[in-house]
Amino acid sequence: MNKYLLIPLVLFIGLVAFLLVGLNRDPRELPSPLINKAAPDFQLQRLTEPARIFSPKDMRGKVWLLNFWGTWCIACRDEHPRLIEYAKSKAVPIYGVDYKYANDRNDERAAAIQFLAQEGNPYTETIYDPEGRTSIDYGVYGAPESFLIDKNGVVRFKQIGPITDEVWNKKILPLAQQLNQ
Amino acid sequence: MKVQQPINSVKLCGPLCLCGEIPCEQIHHRGTENSQSFTEKSIRIFLKQYGLILVMVCGLLFSSFGFALAKEAQPNEDPQLEQRMKHLTEQLRCLVCQNETLADSRADLAEDLRKQIREQIRAGKTDQEIIAFLTERYGDFVLYNPPVKKTTYLLWFGPFVLLIVGTGVLYRYVKSRREKIKETPLTAAERKQAEEILNA
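Just so it is clear, the structure is predicted and the values come from calculations on it, not from any experiment.

Novice: I keep staring at the overall build of chain B and nothing clicks. Help me out?
Specialist: Looking only at helices and strands, chain B features 8 helices and 0 strands. Across chain B, helices and strands are ordered from the amino to the carboxyl terminus as α-α-α-α-α-α-α-α. Looking at the 200 residues of chain B, the share that counts as buried comes to 26%. By sequence separation, contacts in chain B at least 24 residues apart represent 54% of the contacts at least 6 residues apart.

Spelled out as structure tokens, the structure:
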């Protein structure tokens, strides 16, 4: 038997393996170009105190988690009780960016204040992004998204979609501990 | 296979996005109503039976009136700007509805991004600068035309390599085959023998 006849079979198996790997990948999870780069700077009002401006520069020297969310975002509501738990553990301070929904909705700020009052507030500070510009600067496309930022203001980890216990315990916590050393 | 978390179905519907015409919240609310008046019940039965047709008709209507319904005001100030805008956004991907271009998508994020691109065009930014603005944030995935770089060499040159290798293999195969079936003329004795057989 001609051994060259096996070549198409090997090629075919290779192709199948290639496609199988592709099938199991989530097309929504894109590698963020921000990883290991400086977290984009911004100056935004705090949700409840518009007079006070927050900037990531204030956070130099701390390891912190920046969480983009909105009251309109159902996956964020799903994540919310877990965030409260994580915040209680005091392992990493969580800062929230409340992201406005659409150009035709202007009540996001009030809605967010009410939501946090009712459901509990996991955030050390909540920042309000009225035009979504900061969210665009961070490349947010599927809220909630969370960024772990180190003491030098460099993004070290990004979670697209809700943080699960697995992600928190296996990725965020160990990395935060390592960065805090 | 990775187990899909139930939350993904919500996520796919898209927090930032109205890929379809029904906002997620409305889908969400539909199942939670408790009061069931008679009319509600009959509407429900009607929807169950004719829902698909209704959805199809709505789909047709929406697709033909899509432009009129789009929330975004159509700026008619500067045709040149719009021309550039169209040219640019047609090669960019909307990240919320991943199979749509930034030009076509009605997701809120796409709308915001178009707004920013318009501003940048007005501010005199070049196309390259605007594309760089987007790739810095969302990565090369926003480009429908992937750039030529180390990680995309296989994508860009793989087909040509396959073509060259394939041509080589075919050439060698044909050559070896030709050698195998090379014509060897009959000797005089063989020819005589053959003639005898044929004439018998």
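From this point, the narrative continues.
Novice: Honestly, the sheet that holds strand 3 (residues 64-69) of chain A in this entry has me stumped. Any pointers?
Specialist: Within a sheet, adjacent strands bond to each other through the backbone by hydrogen bonds, running parallel or antiparallel. All names here are of chain A. Spatially, 5 strands are ordered 5-4-3-6-7 in an open sheet, and the strand pairing comes out mixed. Here the strands that pair on one side only, and so sit at the sheet edges, are strand 5 (125-129) and strand 7 (155-160). Ignoring which end each strand starts from, the neighbouring axes of this sheet average 20° apart. Summarising the sheet, strand 6 (residues 145-149) and strand 7 pair through 5 bridges and their orientation is antiparallel. When the bridges of strand 7 are listed, Phe147 appears paired with Lys158. This element, helix 5 (residues 165-180), spans strand 3, strand 6 and strand 7 of the sheet and lies at about 165° to strand 7.

Novice: Teacher, can you tell me more about the pairing of strand 6 of chain A here?
Specialist: In the case of a regular strand, side chains alternate between the two sheet surfaces. Residues and elements named next belong to chain A. Among the 5 residues that make up strand 6, 5 are buried, leaving the element largely enclosed by the rest of the structure. The two faces of strand 6 match: Glu145, Phe147 and Ile149 on one face and Ser146 and Leu148 on the other face are all buried. For strand 3 and strand 6, the ladder comprises 5 bridges, and the chain directions are antiparallel. Counted as the bridge partner of Trp64 is Ile149 from strand 6.

Novice: Mind showing me how you'd approach the state of the cysteines here?
Specialist: Simply put, disulfide is the name for a covalent bond between the sulfur atoms of two cysteines. Residues and elements named next belong to chain A. Applying the stated criterion to the full structure yields 1 disulfide over all chains. Paired by a disulfide, Cys73 and Cys76 hold their sulfur atoms 2.2 Å apart. Every disulfide takes its handedness from the sign of the S-S torsion; for Cys73 and Cys76 that torsion is 85°, giving right-handed. For Cys73, a relative accessible area of 0% puts it in the buried group. A residue is classified by how much of its surface remains accessible, and Cys76, at 4% relative accessible area, is buried.

Cut-offs applied
- Every residue gets a number counted from 1 within its own chain, in the order that chain's sequence is written.
- Lettering of chains starts at A and numbering of ligands starts at 1, both following the order in which they are written.
- Two thresholds apply to this predicted model, a pLDDT of at least 70 for residue-level local features and 80 or more for giving and counting side-chain atom pairs, whereas whole-chain, interface and lining totals are computed over all residues.
- Heavy atoms throughout the structure, all of them, feed into the side-chain values; hydrogens and water do not.
- Segments assigned H or I by DSSP are reported as helices when at least four residues long, segments assigned E as strands when at least two residues long, and all are numbered from the N terminus.
- Exposure categories follow from relative accessible area, calculated using a 1.4 Å probe and restricted to protein chains: below 20% of the type maximum is buried, above 50% is exposed, and the middle band is partly exposed.
- Contacts are assigned to residue pairs with any non-hydrogen atoms lying within 4.5 Å of each other.
- We treat two strands as partners when DSSP finds at least two bridges between them.
- For helices, the fitted line uses only the C-alpha atoms of the stretch in contact; every axis is such a line through C-alpha atoms, and the angle between N-to-C directions lies from 0 to 180 degrees.
- When the sulfur atoms of two cysteines come within 2.5 Å, that pair is taken as a disulfide.

None of the figures reported here should be taken as evidence of function without further support.
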